[in-house]
Amino acid sequence: MRKELEQGGGGSGINNRHSTEKIIRFPCLAKKILAKSPMAVFFSVVLCVGAFISTRLLDPSVTSITGYLPQKSIFNTISYKNYPHDAPKISENTSTIEIEVPLNCSLGGARTCPPNYYPSKFSIPNPNPSSTPQPAACPDYFRWIHEDLWPWRETGITREMVESAHRTANFRLVVLDGKAYVERYRKSFQSRDTFTLWGILQLLRRYPGQVPDLDLMFDCVDWPVVKKEAYVGPNATAPPPLFRYCGDDTTLDIVFPDWSFWGWPEINIKPWVGLSKDLKEGNERTKWVDREPYAYWKGNPIVAKTRMDLLKCNVSEKQDWNARVYAQDWLKEQKDGYKQSDLASQCIHRYKIYIEGSAWSVSEKYILACDSLTLIVKPRYYDFFTRSLMPLQHYWPLKDNDKCRSIKYAVEWGNTHMDEAQSIGKAASSFIQDELAMNNVYDYMFHLLSQYSKLLKYKPTVPPKAFELCSELMACQAKGLEKNFMMDSTVKGPSITTQCEMPPPYDPPTLLSILKRKENSIKQVETWEKQYWDTQNKRS
């Protein structure tokens, strides 16, 4: 925590972002043409599109229409939806045309990055400058970006600091002029590094030319390693800036969205865009009141002692703790075609348990996405969005050292306070569906990397052993589920909307108030739970 906090000194708002459709707005169609005949509208659109393309081709700052191969016809190297075979779509206020830039595997994409294929920058003229739309406000959890970068606010970040994080990093990423260069140090577990890099490449596709030059180290292992205690005192040096998926209160690692947002092929977990829709549909299959009135958990217990301890809470002939706990055998599940691990089919209990594994677990967002009341065993770690979750608003806190009794009481409370339990479950699923929409994930990445770049005190350069990485180089030679997930999560083209507006950092009193609110909510649950068990003991 910041020095001011040590000396004594948010909620979540649903952010209905703009549509993610990739479209180009043509200023010559900004007038009200809907009153014209359909044929007049069609010819107006065709003339406008032709003028727009001609203008773009004459602009030396733009390669072809939006950065594609200038030597060939743009209609042979770019895929337009509804054009030129059909008339462009006409919206109520502004005429638009959708645009996609497909991956190009025909230009040696399986071996090298196609030169000058994707736009190096992309901007769309505003058809009505007098009414420029204001960017949407970012979700409140974006404020934690300021906290994560706080250790370098005075010193800045030097090349030596970055290179000192090499010891545990899996790869080094440099972005120069919108292109990515990677130096690999060691392979990660499974495809974590692959899909993390894939996600960053999709960010560059979404916002071409807007991600600033940067140089960073990324560690794909679960546990944060940059200990706070090693960088305190009058003679302390600045810590190495190291990116990873989670952190805790004793470390300074910079948290970043995890690889599973773009897919986890080893256990058949789809990219988040499609999976979040499946989870939403799964929620609608069974009403909360019709679900099993127990707490459900299914996962790999052998990765952590705390999970093995959770197995003791399962129903038995002697005791029913209101828990239904199942050990997941992923090898068997893989052989059986993942028939028993469909996440969208697991929203059938009123309560779902989240418990950390060896560190934080990617399962948290899937569990919270169900309308079920999420019971969170006291966590040690956090990822990029979970610090904005509030007990009794988004989840119910469970004790780590007395799990079974905590689960028993939580379920009893929920079954006797059904409206409140449903409300908490719904708040969590709404948070996940709205504030963790993929648009916001990309914007979080953009703002984090932009703020990080501002701290660099040197001009990044390509390391001698680094190579250029692009979407074609990864996807064109991928196979199986890895290829399927890459194709499913490919950003289709440049975004025509701006990023959400970054919120300011927390002032110390506000941050202390948030932390105090969390602490008081947890204490309230512990008080209720103690009263419940005191009553039960008296009866027995």
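Our subject in this report is the structure included herewith. Because the structure is a prediction, the values reported are computed rather than measured. (Residues numbered from 1 in each chain as written. Predicted model: local features only at pLDDT ≥ 70, side-chain atom pairs only at ≥ 80, totals over all residues. Heavy atoms only, no water.)

Regarding the environment of Asp 309
Right, on to step 1. Tracing the sequence through the fold places Asp 309 in helix α8 (residues 305-310).
Right, on to step 2. Residues Asp 309 and Lys 403, 94 residues apart in the sequence, show an inter-C-alpha distance of 8.2 Å.
Right, on to step 3. The contact partners of Asp 309, leaving out residues within four places of it in the chain, are Asp 400 and Lys 403. (Helix = DSSP H or I, 4+ residues; strand = E, 2+ residues; numbered from the N terminus. Contact = heavy atoms within 4.5 Å.)

Brief notes about the sheet that holds strand β7 (residues 242-244)
Right, on to step 1. As summarised here, the arrangement of the six strands in space is β9-β7-β6-β4-β5-β16, forming an open sheet in which the pairing is mixed. Two strands bound the open sheet, and with one partner strand each, they are β9 (254-255) and β16 (467-469).
Right, on to step 2. Two elements, strand β6 (residues 214-218) and β7, share two bridges in a ladder whose sense is parallel. The partner of Met 217 across the bridge, within β7, is Leu 242.
Right, on to step 3. Packing of helix α6 (residues 192-206) onto the sheet brings it into contact with β4 (171-176), β5 (179-184), β6 and β16, and relative to β5 it is tilted by some 165°.
Right, on to step 4. Sitting on the sheet, helix α13 (residues 438-455) is in contact with β6, β7 and β9, with an inclination near 110° to β6. (Pairing = 2+ DSSP bridges. Axes fitted to C-alpha atoms, helices over the stretch in contact; angles between N-to-C directions.)

A word on the sheet that holds strand β13 (residues 373-377)
Right, on to step 1. Overall, parallel pairing links the five strands, which are arranged β11-β10-β12-β13-β15 in an open sheet. Lying at the two open borders of the sheet, with one neighbouring strand each, are β11 (323-327) and β15 (396-398). If you compare each strand with its neighbour and ignore which way they point, the axes differ by 25° on average.
Right, on to step 2. One ladder, built from five bridges, connects strand β10 (residues 292-299) with β11; its direction is parallel. Bridging across to β11, Gly 299 finds its partner in Ala 327.

Looking at the state of the cysteines
Right, on to step 1. Going through the model one piece at a time under the given rule, you end up with five disulfides.
Right, on to step 2. A disulfide bridge connects Cys 113 with Cys 470, and the sulfur atoms are separated by 2.3 Å. Because the sign of the S-S torsion sets the handedness, a value of about -110° for the bond joining Cys 113 and Cys 470 places this disulfide among the left-handed ones. One end of the pair, Cys 113, is in the loop between β3 (96-100) and α4 (144-148); the other, Cys 470, is in the loop between β16 and α14 (471-475), and 357 residues separate them in sequence. The same class applies to Cys 113 and to Cys 470, which are both buried.
Right, on to step 3. Between the sulfur of Cys 347 and that of Cys 370 lies a disulfide, 1.8 Å long from S to S. Sign of the S-S torsion, about -70° for the bond between Cys 347 and Cys 370, identifies this disulfide as left-handed. Separated by 23 residues along the polypeptide, Cys 347 in the loop between α9 (330-335) and β12 (349-354) and Cys 370 in the loop between α10 (363-368) and β13 bring together distant segments of the chain.
Right, on to step 4. Judged by its relative accessible area of 1%, Cys 347 is buried.
Right, on to step 5. Residue classification places Cys 370 among the buried positions, given a relative accessible area of 0%. (Disulfide = S-S within 2.5 Å. Buried < 20%, exposed > 50% of the residue type's maximum accessible area, 1.4 Å probe, protein only.)

Some words on unusual backbone geometry
Right, on to step 1. With a phi angle near 65°, Asn 322 is a residue other than glycine that sits in the positive phi range.
Right, on to step 2. Among the secondary structure elements, Asn 322 is positioned in the loop between α8 and β11.
Right, on to step 3. Residue classification places Asn 322 among the buried residues on the basis of a relative accessible area of 8%.

So, helix α7 (residues 272-285)
Right, on to step 1. Here α7 contains 14 residues, and its C-alpha end-to-end distance of 20 Å stays within 8% of the 20 Å for a straight helix at 1.5 Å per residue.
Right, on to step 2. Along α7, the residues classified as buried are Trp 272, Leu 275, Ser 276, Leu 279, Gly 282 and Asn 283. One side of α7 carries all its buried residues, which in axial view fall inside an arc of 120°. Exposed residues on α7 whose side chains face more than 90 degrees from its buried face are Lys 277, Glu 284 and Arg 285.
Right, on to step 3. Summarising the contacts, the buried residues of α7 are in contact with α10, α12 (418-435) and α13. (Expected span 1.5 Å × (residues − 1). Arc of directions from axis to C-beta.)

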